[in-house]
Amino acid sequence: MPLELYWVSGSLPCWRVMLALEQKRIPYKSTRLTFASGYTQTPEFLALNPRGQVPTLVDDDGDVVLYESLAILHYLERRYSSSGEALMPADEKAAALVLMRAQESENLARSFETVYQPLLFQPKAAWDVAALKGAVVALKEEVGRWELYAKRWAYIAGEDFSLADCAVYPYIAFLCRVGFDLASFPYLSQYNDLVEGHTCVHRSWPPHWKETVGRNIFEHLAEVAGAASPADPPRS
């Protein structure tokens, strides 16, 4: 029985896992959910994942159940090491860098969430302007760090697509979808274009993104940060 992935379109942690599955060409049963359906809070689903979250991956006829995206990436690479393209280099130092960048992508995720959560889900009257100003500055600084990483190699942790790219690329793509301008980050923009051309990206692109245009939340940043476009990245 093939492994099964429970996922939601547009969930960036889910996209991480789907990129790896496609890059490694691992057959799997795709079970697409919606948060609106409430299924993730049912007893049946909570028996698999007590946190009621996606992605949730089931393998070996239920003997393996995983529900943290970075852990799932590690599992897929080890369990299906001979399938498709390797996501980890053989060299120990290079592999350590890939793991570090993958874990470091959580910083980008957190920096972005502090900006988009209020801008997307709160009325303007409820915005904490001071907090948003600080969050915007922190996000620009964080993106600037990834610009420096993208300047060093073709991919985010080396010259080959890796587990680190599965971890970070969905967040770069989502930034672009909601209006973050990469013009001041030329290396990261080049990286985004490179990865976007991969077959694994085309095969796993969030379905509803194909049918809708993202809402530009950054057009509102002038109101809280004094400028609608990101500042220049740090220089190396």
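This text follows the structure it describes.
Bear in mind that the values here come from a model prediction, so they are computed numbers and not experimental data. (Residues numbered from 1 in each chain as written. Predicted model: local features only at pLDDT ≥ 70, side-chain atom pairs only at ≥ 80, totals over all residues. Heavy atoms only, no water.)

Chemist: Which residues make up unusual backbone geometry, and what values go with them?
Modeler: Pro-55 follows Val-54 through a cis peptide bond whose omega is 5°. Looking at the element boundaries, Pro-55 is found in the loop between α2 (43–48) and β3 (56–59). The backbone phi angle of Asp-61 is positive, close to 55°, even though this residue is not glycine. Mapped onto the secondary structure, Asp-61 falls in the loop between β3 and β4 (64–66). (Helix = DSSP H or I, 4+ residues; strand = E, 2+ residues; numbered from the N terminus.)

Chemist: Residue-level account of the pairing of strand β1 (residues 3–8), with values.
Modeler: With six of six residues buried, β1 lies mostly within the body of the structure. By the alternation rule, side chains of β1 split into Leu-3, Leu-5 and Trp-7 and Glu-4, Tyr-6 and Val-8, which are all buried. As judged from the six bridges shared by β1 and strand β2 (residues 28–33), these two strands associate in the parallel manner. What sits directly across from Leu-5, in β2, is Ser-30. The β-α-β motif built from β1, the intervening helix α1 (residues 12–23) and the parallel element β2 has right-handed crossover chirality. Strand direction decides the pairing type here: β1 and β3, joined by three bridges, are antiparallel. Along β3, the bridge assignment pairs Tyr-6 with Thr-56. (Buried < 20%, exposed > 50% of the residue type's maximum accessible area, 1.4 Å probe, protein only. Pairing = 2+ DSSP bridges. Right-handed = clockwise from strand over helix to strand, strands pointing away.)

Chemist: For the packing of helix α5 (residues 129–152) against helix α7 (residues 186–196), give the residues involved together with the corresponding values.
Modeler: Close contact between α5 and α7 brings their axes to 7 Å; oriented N to C, the two are set at 70°. Here α5 lies roughly perpendicular to α7, going by the angle between them. Crossing of α5 over α7 shows left-handed handedness. Contacts from Val-143, Trp-146, Glu-147, Ala-150 and Lys-151 in α5 reach Pro-186, Tyr-187, Leu-188 and Tyr-191 in α7. (Axes fitted to C-alpha atoms, helices over the stretch in contact; angles between N-to-C directions. Parallel < 35°, antiparallel > 145°, perpendicular 65-115°, else oblique. Left-handed = near helix turned anticlockwise from the far one by under 90°. Contact = heavy atoms within 4.5 Å.)

Chemist: Pulling in residues and values, what's your account of the packing of aromatic side chains?
Modeler: For the structure on display, the rule yields 13 aromatic pairs. With 5.6 Å between their ring centres and 80° between their planes, Tyr-116 and Phe-174 make a pair best called edge-to-face. Here the residue Tyr-116 occupies a position in helix α4 (residues 92–121), and Phe-174 occupies one in helix α6 (residues 163–177), the gap between them amounting to 58 residues. Each member of the pair, Tyr-116 together with Phe-174, is buried. Judged by centre distance (5.8 Å) and plane angle (20°), the rings of Phe-174 and Trp-209 are stacked. On the criterion of sequence distance, the pair formed by Phe-174 in helix α6 and Trp-209 in helix α9 (residues 207–211) is long-range, its members being 35 residues apart. Judged by relative accessible area, Phe-174 falls into the buried class, the value being 12%. Taking relative accessible area as the criterion, Trp-209 reaches 7% and is therefore assigned buried. (Phe/Tyr/Trp six-rings, centres within 6.5 Å; stacked < 30°, edge-to-face > 60°.)

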